[in-house]
Amino acid sequence: MSRLRRLPIDVWFEPLIIVVIGVGYLLWYRSTTFTPTEQASLAWDNLRTTIIEHIRLTAVATLIVVVVAIPLGILLTRPGAKRLEPIAVNIANIGQAAPAVGLLVLFTFWLGTGFKTAVVGLVVYAILPILQNTIVGLRQVDQRVIEAARGIGYTAVRTLFQVELPLAVPVILNGVRTALVILVGTATLSTFIGATSLGTLITTGVTLFLPKLLISGAILVGLLALTIDWLGRLVELAATPRGIA
């Protein structure tokens, strides 16, 4: 019990919310009469494919964002590239400033419709949180710790990987977590450009005036976002060096 009390509240409270919403949805699903279109859309074979495609879209976009944003954030905190930071952050901010639907539609003129275009649009939309958090996380490392590492003979590269990055991990992973939740929600809009996602349930519900299908799509997206946020929190806690958390 003492260990449970020491855990952050979101680590054990968020799963409770997920379970309550999930059980509530299942009870509602079993007690509700659906139209043939709703039954076909919510049949497990179709639903499984839709969920897998939504997760794949989110995972690929997240992987690309992490590969681009974290190294770029590291580079922008190095003395030789600090002056480029405002330019890079302002460019990354364009994705957040532009409406997500408009951004996705804009890319269709260049790349056409489908999965690839959705990934590119999502990457542009979600790069800012990870980039900013990487910069902030590295900047907040105590300069005296860095000087001490250099004083005992660490090279700049060794100091980065063994001192700066471990201390910046909590902030960086918080940015990754934020980006993941953004991507899960924004990925629903990919249905407008021909990419399969849980947004298909929502748009079908709106187009055909099937509120039960619309509600199902919204709940499933919410459950997926909460689950990924919780898993990201667990990774964040596990990766945080002892004494920092």
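Structural data are supplied above this passage.
One structure accompanies this document, and this report is about it.

Thresholds applied
Residues numbered from 1 in each chain as written. Predicted model: local features only at pLDDT ≥ 70, side-chain atom pairs only at ≥ 80, totals over all residues. Heavy atoms only, no water. Helix = DSSP H or I, 4+ residues; strand = E, 2+ residues; numbered from the N terminus. Buried < 20%, exposed > 50% of the residue type's maximum accessible area, 1.4 Å probe, protein only. Contact = heavy atoms within 4.5 Å. Areas by Shrake-Rupley, 256 points an atom, 1.4 Å probe, with all protein chains shown as cover. Lys, Arg positive; Asp, Glu negative; His and termini not counted. Charge placed at Lys NZ, Arg CZ, Asp CG, Glu CD. Phe/Tyr/Trp six-rings, centres within 6.5 Å; stacked < 30°, edge-to-face > 60°. Lys NZ or Arg CZ within 6 Å of the ring centre and 35° of its normal. Axes fitted to C-alpha atoms, helices over the stretch in contact; angles between N-to-C directions. Parallel < 35°, antiparallel > 145°, perpendicular 65-115°, else oblique. Left-handed = near helix turned anticlockwise from the far one by under 90°. Nonpolar A, V, L, I, M, F, W, Y, C, P; charged D, E, K, R; others polar. Salt bridge = Lys/Arg side-chain N within 4 Å of Asp/Glu carboxyl O. Expected span 1.5 Å × (residues − 1). Arc of directions from axis to C-beta. Core = buried A, V, L, I, M, F, W, Y, C linked by side-chain atoms within 4.5 Å. Polar contact = N/O pair within 3.5 Å; in protein donor to acceptor, adjacent residues only side chain to side chain.

**What to know about the overall build of the chain**
When you go through the chain residue by residue, the secondary structure sums to 11 helices and 0 strands. The C-alpha extent of the chain, read off along each of the three principal axes, is 70 × 55 × 25 Å. Residue burial in the chain is summarised as follows: out of 245 residues, 42% are buried. Long-range pairs, those at least 24 residues apart, make up 76% of the contacts in the chain with a sequence separation of at least 6. As displayed, the chain offers around 13,400 Å² of accessible surface, 69% of which is attributable to carbon and sulfur atoms. Taken together, the 18 basic and 11 acidic charged side chains of the chain have centroids lying 5 Å from each other.

**Quick word on the packing of aromatic side chains**
The description of two aromatic rings rests on the distance between their centres and on the angle between their planes. Here the structure, examined in full by the defined rule, presents 6 aromatic pairs. Ring centres 6.0 Å apart and planes at 85° place the aromatic pair Trp12 and Phe13 in the edge-to-face group. For Phe13, a relative accessible area of 41% gives the class partly exposed. Aromatic side chains Phe107 and Trp110 sit 6.0 Å apart centroid to centroid with 40° between the ring planes, which places their arrangement in the tilted category. Separated by 3 residues within a single helix, Phe107 and Trp110 lie in helix α6 (residues 100–111), roughly one turn from each other. Phe107 gets classed as buried once you look at its relative accessible area, which sits at 14%. Trp110 sits in the exposed class, given a relative accessible area of 64%. Site record: aromatic cluster; members linked through ring pairs are Tyr25, Trp28, Tyr29 and Phe34. The residue whose ring lies beneath Arg56 is Phe115, and the NZ or CZ to ring-centre distance is 4.1 Å.

**A short note on the packing of helix α7 (residues 115–139) against helix α9 (residues 156–186)**
For the pair α7 and α9, the least separation of the axes is 8 Å and the interaxial angle reads 155°. What the angle tells us is that α7 and α9 run roughly antiparallel. Crossing of α7 against α9: the hand is right-handed. Among the residues making up the contact of α7 with α9, the classes are represented as 16 nonpolar, 7 polar and 1 charged.

**Describing the pattern of salt bridges**
Following the criterion strictly, the structure yields 8 salt bridges and no others. The residue Glu236 makes a salt bridge to Arg177 at a minimum N-O spacing of 3.3 Å. In this pair, Glu236 is assigned in helix α11 (residues 211–239) and Arg177 in helix α9, connecting sequence segments 59 residues apart.

**Structural notes on α6**
Given a rise of 1.5 Å per residue, 12 residues ought to cover 16 Å, and the 16 Å separating the end C-alpha atoms of α6 matches this to within 8%. Of all the residues in α6, the buried ones are Ala100, Leu103, Leu104, Phe107 and Thr108. In an axial view of α6, the angular spread of the buried residues amounts to 150°, which keeps them on one side of the axis. Set apart from the buried face of α6 by more than 90 degrees, the exposed residues are Leu106 and Phe109. The inward-facing, buried residues of α6 abut α5 (85–97), α7 and α9. Backbone geometry just after α6 places Gly112 at a positive phi near 85°.

**Some thoughts on the nonpolar core**
In summary, soluble globular proteins display a tendency toward joint burial of nonpolar side chains. Within the largest apolar cluster, 47 residues are counted, with the highest numbers of intra-cluster contacts made by Leu42, Val65, Ile130 and Leu201. Counting only elements with at least two residues in this core, the list comes to α4 (44–76), α5, α7, α9 and α11. Top contributing element to this core by residue count: α7, with 11 residues. Excluding residues within four positions of it along the chain, Leu42 makes contact with Tyr25, Tyr29, Phe34, Leu47, Leu201, Leu213 and Ser216.

**Examining the side chain of Thr186**
Within the secondary structure layout, Thr186 lies in helix α9. A distance of 2.7 Å separates a polar atom in the side chain of Thr186 from the backbone oxygen of Ile182. The residues contacting Thr186, other than those within four sequence positions of it, are Ala100, Leu122 and Tyr125.

These values are about where atoms sit, not about what they do.
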